[in-house]
Amino acid sequence: MTEPHVQSEVGPLHSVLLHRPGTELKRLTPRNSDQLLFDAIPWVDRAQEEHDAFAEVLRSRGVEVLLLRSLLTDALRDSRARAAAVLSGVDELKLGVDIADTLRSHLSSVDDAALAEILIAGMTFEELPAAEGQSLVRRMHHAHDFAIEPLPNLLFTRDSSVWVGDRVAIAALAMPARRRESALTDLIYAYHPRFSHAARAYGAHSAPVEGGDVLLLAPGVVAIGVGERTTPAGVESFARSVFADDLAHTVLAVPIEQRRASMHLDTVCTMVDRDAVVMYPAIQDSLEAYTLRPAGEELKVSGPTPFLEAAAEAMDIDHLRVIDTGLDPVTAEREQWEDGNNTLALAPGVVVAYERNAETNARLEDAGIEVLRISGSELGSGRGGPRCMSCPITRAPLT
């Protein structure tokens, strides 16, 4: 077991946090899928098979796979974690005092595995424990309405936390359907013995920053997308935090288009080698960056300048190589939508990618990148690829 530490996107991956999808995906219906941020209703059994195959690819390359549900169950053995978990799961403003009290009592009585399942999969009004007396709240909600919302996006473990050096940043998630994910991730890092010495780099109560927007371009260099999920205030707060902890010397704030297809920076650009990125060609020439550096107790902000130039300068390299998504505009747009840019590097020049993005994968291989292909026909229904589904805990330093 190695101590958590991540300095780059491509250092050899030693341990990673995944979440195997479960009952929470079975809660998705045409009526609630938009609210829960899924573009389609996944075939859950197949999604689980695909995720198991993804995890096995990582294990076959020597990566330790930590599963979120197991870690959460272990963390809930601590009475403080259980109290915090029950508090985070019960919305008294929504349920009213009586139902909230009954539900808190019920959650406090179930075992650790059952509590973890409820916190992840949610609970409908039909599933609420019985209680004495009349309740307007019960009577006016449909039986299949959620008393506790499910967390189908927990599959995308990248977003709720990110490691910078030996510190973990708990993300402040922007979308209402996802905010409770941070609470569960926070519990794991606070109470699981594996992370008992972990220090924090950023808190979930700060301005919105999501892990899918955070790219560790090189030791000391962090790029953060600003768009649908991460705000300028979030980038500024994150930068102050990593500068104060001496975790970075440069933060690049990268504006991206605020739309579903490009919800995070890693949907249009990820690193595949020490000096190379795979990038959606439609934004290659227009992507810009503001450069933030520490200036005593203040921030020095310059730019914007072209992202590729700003990144190369901060990384102290001549230029950042770009591998395009697709061979023509239509193919590029299709493969960007299908997470062609969202690769997970296992080492410099070795990445995991969805097999369906054939043109992008071929171009990566032409550029000397080894591509480990996985199926994602069902996993991708929430708009996320291999990078989205993985939170690196430990990477070896680049040498």
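Residues numbered from 1 in each chain as written. Predicted model: local features only at pLDDT ≥ 70, side-chain atom pairs only at ≥ 80, totals over all residues. Heavy atoms only, no water.

K.L.:
Hey, could you go over the environment of M123 for me, with residue numbers and the actual values?
P.N.:
You can see M123 is positioned in strand β3 (residues 123–124). As for M123 and H144, which are separated by 21 residues in sequence, their C-alpha atoms are 8.8 Å apart. Excluding anything up to four places from it in sequence, M123 contacts R27, L103, H106, I118, L128, P129, D145, F146, A147 and I148. (Helix = DSSP H or I, 4+ residues; strand = E, 2+ residues; numbered from the N terminus. Contact = heavy atoms within 4.5 Å.)

K.L.:
How would you summarise the sheet that holds strand β1 (residues 13–18) if you had to cite specific residues and measurements?
P.N.:
Across the sheet, 3 strands lie side by side as β2-β1-β19; this open sheet has mixed pairing. A strand with exactly one partner marks an edge of an open sheet, and here the two such strands are β2 (64–67) and β19 (391–395). Taking the axes of each pair of neighbouring strands and ignoring which way they run, one obtains an average angle of 20 degrees across the sheet. Two elements, β1 and β19, share 4 bridges in a ladder whose sense is antiparallel. Looking across to β19, one finds that S15 is bridged to T394. Helix-sheet contacts for helix α2 (residues 44–60) involve β1 and β2, and the interaxial angle to β1 is about 165 degrees. (Pairing = 2+ DSSP bridges. Axes fitted to C-alpha atoms, helices over the stretch in contact; angles between N-to-C directions.)

K.L.:
How would you explain the packing of helix α4 (residues 79–89) against helix α8 (residues 179–191) if you had to name every residue and give the values?
P.N.:
Taken N-terminus to C-terminus, the directions of α4 and α8 make an angle of 175 degrees; their axes are 10 Å apart at the nearest point. The orientation of α4 with respect to α8, classified from their angle, is roughly antiparallel. Seen from α4, the contacting residues are R80, A81, A84, A85, S88 and G89; seen from α8, they are R180, A183, L187 and Y191. Grouping the constituent residues of the contact of α4 with α8 by class yields 6 nonpolar, 2 polar and 2 charged. (Parallel < 35°, antiparallel > 145°, perpendicular 65-115°, else oblique. Nonpolar A, V, L, I, M, F, W, Y, C, P; charged D, E, K, R; others polar.)

K.L.:
Give a description of the packing of aromatic side chains that names residues and reports values.
P.N.:
Counted by the stated rule, this structure contains 3 aromatic pairs. When the ring of W163 is compared with that of F195, the centres are 6.1 Å apart and the planes differ by 35 degrees; the resulting orientation is tilted. Of this pair, W163 sits in strand β5 (residues 161–164) while F195 sits in the loop between α8 and β7 (199–202); the two residues are 32 residues apart in sequence, bridging distant segments of the chain. The same class applies to W163 and to F195, which are both buried. Members of the aromatic cluster, joined through ring pairs, are W163, Y189 and F195. (Phe/Tyr/Trp six-rings, centres within 6.5 Å; stacked < 30°, edge-to-face > 60°. Buried < 20%, exposed > 50% of the residue type's maximum accessible area, 1.4 Å probe, protein only.)

K.L.:
Any chance you could break down the UniProt feature "active site" (unreviewed entry) in the chain for me, citing the residues and the numbers?
P.N.:
In the numbering adopted here, UniProt assigns the feature "active site" (unreviewed entry) to C388. Inspection of the secondary structure puts C388 in the loop between β18 (370–374) and β19. With residues up to four places along the chain from it excluded, the contact list for C388 reads L155, F156, T157, R158, D266 and N342. (UniProt positions renumbered as here; feature names shortened; annotations may be inferred.)

K.L.:
Can you lay out the sheet that holds strand β9 (residues 221–226) for me, pointing to particular residues and giving the numbers?
P.N.:
Here we have 5 strands laid out as an open sheet, ordered β8-β9-β10-β13-β14, and mixed in their pairing. Strand pairing shows two members of the sheet lacking a second neighbour, β8 (214–218) and β14 (298–306), which therefore form its edges. Recorded for the sheet is a direction-independent mean angle of 25 degrees between the axes of neighbouring strands. Relative to strand β13 (residues 288–295), strand β10 (residues 250–255) runs antiparallel, the two sharing 3 bridges. Following the sheet pairing, L252 is matched in β13 by T291. Contacting β8, β9, β10, β13 and β14, helix α9 (residues 232–244) runs over the sheet at an angle of about 170 degrees to β10. Helix α11 (residues 307–315) contacts β8, β9, β10, β13 and β14 of the sheet and is inclined by roughly 130 degrees relative to β14.

K.L.:
Break down the nonpolar core for me, citing the residues and quoting the values.
P.N.:
Y189, F238 and V251 are the most contacted members of the largest nonpolar core, which has 60 residues in total. Counting residues in hydrophobic clusters, the runner-up holds 36 residues, among them V278, A314, M315 and A345. (Core = buried A, V, L, I, M, F, W, Y, C linked by side-chain atoms within 4.5 Å.)

K.L.:
How would you explain α9 if you had to name every residue and give the values?
P.N.:
The terminal C-alpha atoms of α9 lie 18 Å apart, and with 13 residues this matches the ideal 18 Å at 1.5 Å per residue to within 8%. Downstream of α9 by a residue or two, D246 has a phi angle that is positive, lying close to 60 degrees. (Expected span 1.5 Å × (residues − 1).)

K.L.:
Tell me what's going on with unusual backbone geometry, and back it up with residues and numbers.
P.N.:
Residue P304 is reached from G303 by a cis peptide bond, and omega for that bond is 10 degrees. With respect to the helices, strands and loops of the structure, P304 is situated in strand β14. Located in the positive-phi region is D246, a residue other than glycine, with phi close to 60 degrees. One non-glycine residue, D316, lies in positive phi territory at about 60 degrees. Along the chain, D316 falls in the loop between α11 and β15 (321–324).

K.L.:
Would you mind going over α4 in detail, with residue names and values included?
P.N.:
Within an α-helix, residues lying three or four positions from one another point in the same direction, as the helix has 3.6 residues per turn. Buried within α4 are the following residues: A81, R82, A85, V86 and G89. In an axial view of α4, the angular spread of the buried residues amounts to 130 degrees, which keeps them on one side of the axis. What points out from α4, more than 90 degrees from its buried face, is the exposed set S79, R80, A83 and L87. Structurally, α4 contributes buried residues whose contacts are with α3 (68–75), α5 (92–109), α6 (112–121), β4 (146–148) and α8. (Arc of directions from axis to C-beta.)

K.L.:
Could you give an account of the pattern of salt bridges, naming the residues involved and the relevant values?
P.N.:
Scanning the entire structure with this criterion turns up 22 salt bridges. Residue D52 pairs with R20 through a salt bridge whose shortest N-O separation is 2.7 Å. You can see D52 sitting in helix α2 and its partner R20 sitting in the loop between β1 and α1 (23–26), a full 32 residues away along the chain. A salt bridge links D159 to R178; the shortest N-O distance between them is 2.7 Å. Separated by 19 residues along the polypeptide, D159 in the loop between β4 and β5 and R178 in the loop between β6 (167–170) and α8 bring together distant segments of the chain. Residue class for R178 comes out buried when judged on its relative accessible area of 2%. Taken together, the shared-partner salt bridges in this structure form one network comprising E9, D266 and R387. (Salt bridge = Lys/Arg side-chain N within 4 Å of Asp/Glu carboxyl O.)

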